[in-house]
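One letter stands for each residue in the lines below.
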Amino acid sequence: MSAFSSPVSRRRDGRGALLLAAVLAVALPGFPVAACSAPGGQAARSAQQAQGRGQQEATTQGRRQSSQRAVRLLTEAAQAAVLTSYQGEEIVSRWGTGTQPTVLVSEIWHVSGGQTVTQTLQADASSSGQPYRSADNDAQTPEGVLGVTAPLVNLLKQNYVLAYGGAGSVYNRKAQVVEALRGDGSLAARFWLDNATKLPLEREVFDRAAHPIGEDEFINVAVFGRASVSAPVGGVAVPPGPWTNPLPPVQLLALRSQGWLVRPALPDDLSLFTGAQATTSSGMVLDLGYSDGLSVISLFEQHGNLPARLAGWQQTTVDGKIIYVTEPGQRSMTWSSKGMVYTLITDAPTQTVAAVVGTLPHDAPPGFLGRMSRGLARLASWVNPFR
Amino acid sequence: MSHLGNRLSALVDGELDGAERDRAHAHLAGCEQCRAEAAELRALKQKLRALTTRAPAEAAMTSRLIAMTGPGGPQPPRRRLLHGISGNGVPRSAGRGSLRPAMPRPRRARRRRALMIGAVSLVVGLGTAAFTAGGGGEAAPGPRITPQVELYGIEHAITTGGLPNISPSAGPPALPGPAAHATNP
């Protein structure tokens with residue numbers, strides 16, 4: 001047993017403490033006062049804690065109110081994109097793998113509750129050809145502006161923290177700013193919504209490294225009265241496309257029994273939220289729409305195989321898989337596996353695209369024995385006189 | 001006039017006695033035909049003699065070669081050079097008499113070697129051809145599909161509420177004109 005643990009030693013330690021207190025009282029006149037007022041200090045701390053809790057609650061309540069306001073604004077924007085008749089120019093800039101963005105400029109006409117007509121006016125340098133127009137004749141799933149539609153707003157609420165960002169302006173139009181934050185607090189997107197009409201005017205999208213990957217603007221906006229427009233703007237009837245009305249996820253998942261690959265979700269919180277089918281000259285095509293509220297991946301499937309040569313496509317490797325892309329930005333890509341042709345069109349970040357490509361089916365390289373076996377089979381078929 | 005006939009060859013061979021030889025010579029002096037035949041016979045006889053005088057030298061060479069190979073017969077050249085001849089040129093096996101006949105052995109080896117080379121060539125050639133033919137895409141069953149990017153792009157645009165991010169294709173150039181009652185809020 002050591003001397004420091006004996007009761008005597010403890011008494012000696014107590015005397016040492018008293019001596020130290022006396023010295024401190026002489027050296028620091030305020031020390032006895034502070035020591036004697038210890039119960040008062042606890043009260044102050046309690047008050048501070050209460051105040052902190054109050055502030056925290058206020059902050060939480062403020063965030064909740066900010067989030068509710070942001071959700072309300074985005075919901076109104078999605079409704080405005082449907083119910084308002086408007087015309088304007090949409091400028092879409094996408095940063096893919098290169099430093100220069102891909103820019104598309106389109107003129108948009110929309111009639112309240114009905115048709116949206118889009119005509120591309122200017123495309124990026126890699127594009128060419130005459131302009132074309134697209135139309136959505138289905139009033140149940142109207143085409144929005146800048147990706148602000150009701151289904152995407154719902155996904156946005158699920159996957160991001162929405163916050164009201166204050167007032168702003170876009171091209172001299174007063175706007176309300178809404179921010180979408182990731183779980184780690186980083187900024188994922190920012191929306192500018194028109195004060196008067198709630199129409200989306202601008203949207204910026206950032207990746208996790210805070211680099212901009214998309215910027216959309218809706219400019220030169222002209223708004224028409226709802227009651228005054230009863231026909232498509234300009235009186236032009238756009239024929240419906242080959243696609244069916246959008247199918248709900250439940251109906252899409254049921255198509256798995258018919259040999260289609262329908263996954264309820266893809267990596268990076270991408271959920272199946274819509275889809276459609278089209279009958280083409282080469283067979284039935286299934287479109288599956290996945291999104292997290294900001295990025296959309298359209299996965300097209302068709303039974304068959306890619307031809308030996310694909311004009312206009314370049315072979316590349318994504319996540320170790322050999323695929324074909326149409327442009328340097330790799331926004332459209334295709335490959336075939338086990339009798340199914342997969343085509344992706346997306347505006348998602350590159351990392352998300354790579355993860356999605358990696359999780360979908362791909363044919364493994366045949367290997368030496370596989371290649372030899374296939375070659376022998378081909379040689380045999382070539383020399384077979386009865387073939 | 002009767003010619004010499006068989007006596008002509010006997011005259012050439014020196015087999016006639018004195019009286020017969022004189023009569024034969026007298027006939028040759030007056031008969032040009034028998035003289036010509038006698039000349040031909042002599043020439044033929046000289047050629048035959050010349051052959052018989054070279055033959056012993058060749059026979060000696062043959063016998064020497066046979067002696068070198070020993071009683072077992074000639075060996076393959078390589079074996080003879082390396083193992084069959086001793087330092088003084090005498091075949092080692094000359095006194096043994098135990099060497100097997102060696103002629104079938106190189107034939108079998110050559111045949112085996114030829115078969116092996118042929119088999120290896122066949123395998124290598126077939127393997128190269130199979131590896132080459134096995135390259136390229138998998139000839140999977142089913143139709144060949146070229147993705148209709150324009151069609152897909154428009155559907156993607158409708159899904160996203162954005163713009164089709166595809167290369168614009170040919171389409172109707174007519175545009176809907178701007179509405180006359182457009183008003184700014």
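Scroll up to find the structure.
Residues numbered from 1 in each chain as written. Chains lettered and ligands numbered in written order. Predicted model: local features only at pLDDT ≥ 70, side-chain atom pairs only at ≥ 80, totals over all residues.

## Considering the overall build of chain B
From N to C terminus, chain B includes 6 helices and 0 strands. Every one of the 185 residues in chain B was classed for burial, and the buried ones make up 18%. (Helix = DSSP H or I, 4+ residues; strand = E, 2+ residues; numbered from the N terminus. Buried ≥ 20, exposed ≤ 12 C-beta atoms within 10 Å, placed from the backbone.)

## Observations regarding the overall build of chain A
Counting its regular elements, chain A contains 7 helices and 17 strands. Going through the 387 residues of chain A one by one, you find that 35% of them count as buried. Looking at chain A alone, contacts between residues at least 24 apart form 54% of all its contacts between residues at least 6 apart. (Contact = placed C-beta atoms within 7 Å.)

## Considering the nonpolar core
Residues and elements named next belong to chain A. In this structure, L74, A77, L156 and I297 are the most contacted members of the largest nonpolar core, which totals 70 residues. With 8 residues, the top contributor of residues to this core is helix α3 (residues 38-83). Both domains that meet at this core, namely domain 1 (65-235) and domain 2 (249-368), each give it at least three residues. Non-local contacts of L74, meaning those with residues more than four positions away in its chain, are made with V148, V153, L156, L162, V178 and F191. (Core = buried A, V, L, I, M, F, W, Y, C linked by C-beta atoms within 7 Å. Domains from an automatic or database assignment.)

## What to know about helix α6 (residues 149-160) of chain B
Residues and elements named next belong to chain B. For α6, which comprises 12 residues, the first-to-last C-alpha distance of 16 Å matches the rise-based estimate of 16 Å (1.5 Å per residue) to within 8%. Taken across its 12 residues, α6 has 11 buried, putting it largely inside the fold. Along α6, the residues that are buried comprise V149, L151, Y152, G153, I154, E155, H156, A157, I158, T159 and T160. (Expected span 1.5 Å × (residues − 1).)

## Quick word on unusual backbone geometry
Residues and elements named next belong to chain A. Positive phi values are uncommon outside glycine, yet Y171 reaches one of about 50°. Of note in this structure, N220 is not a glycine but carries a positive phi near 50°. By the secondary structure assignment, N220 is in strand β9 (residues 212-224).

## Quick look at the sheet that holds strand β12 (residues 283-291) of chain A
Residues and elements named next belong to chain A. Judged by pairing direction, the sheet is antiparallel, and its 8 strands sit side by side in the order β10-β11-β12-β13-β17-β16-β15-β14 without closing on themselves. Of all the strands in the sheet, just β10 (265-266) and β14 (314-318) have a single pairing partner and so form its edges. Strand direction decides the pairing type here: strand β15 (residues 321-325) and strand β16 (residues 332-337), joined by 2 bridges, are antiparallel. Among the inter-strand pairings, Y324 is bridged to a residue of β16, identified as T334. Sheet strands in contact with helix α4 (residues 150-159) are β11 (270-280) and β12, and its direction is about 155° off that of β11. In the packing of helix α6 (residues 350-359) onto the sheet, contacts are made with β10, β11, β13 (296-303), β14, β15, β16 and β17 (340-346), and the angle to β15 comes to roughly 120°. (Pairing = 2+ DSSP bridges. Axes fitted to C-alpha atoms, helices over the stretch in contact; angles between N-to-C directions.)

## Some remarks on the pairing of β16 of chain A
All names here are of chain A. Burial of β16 is extensive: 5 of the 6 residues sit out of reach of the surface. Both β16 and β17 contribute to a ladder of 6 bridges, which runs antiparallel. Note that in β17 the partner of T334 across the bridge is T343. Taking the residues between adjacent antiparallel strands as the criterion, β16 and β17 are bridged by 2 residues, where K338 takes a positive phi near 50°.

## Points about the pairing of strand β7 (residues 187-194) of chain A
All names here are of chain A. Among the 8 residues that make up β7, 6 are buried, leaving the element largely enclosed by the rest of the structure. Linking strand β6 (residues 173-181) to β7, which pair antiparallel, is a turn of 5 residues; within it G185 sits at a positive phi near 90°. Sheet topology places β7 next to strand β8 (residues 200-206); 5 bridges connect them, and they run antiparallel. Counterpart to W192 in the pairing with β8 is E202. Here β7 folds back onto β8, and the loop between the two strands holds 5 residues, one of which, K198, carries a positive phi near 70°.

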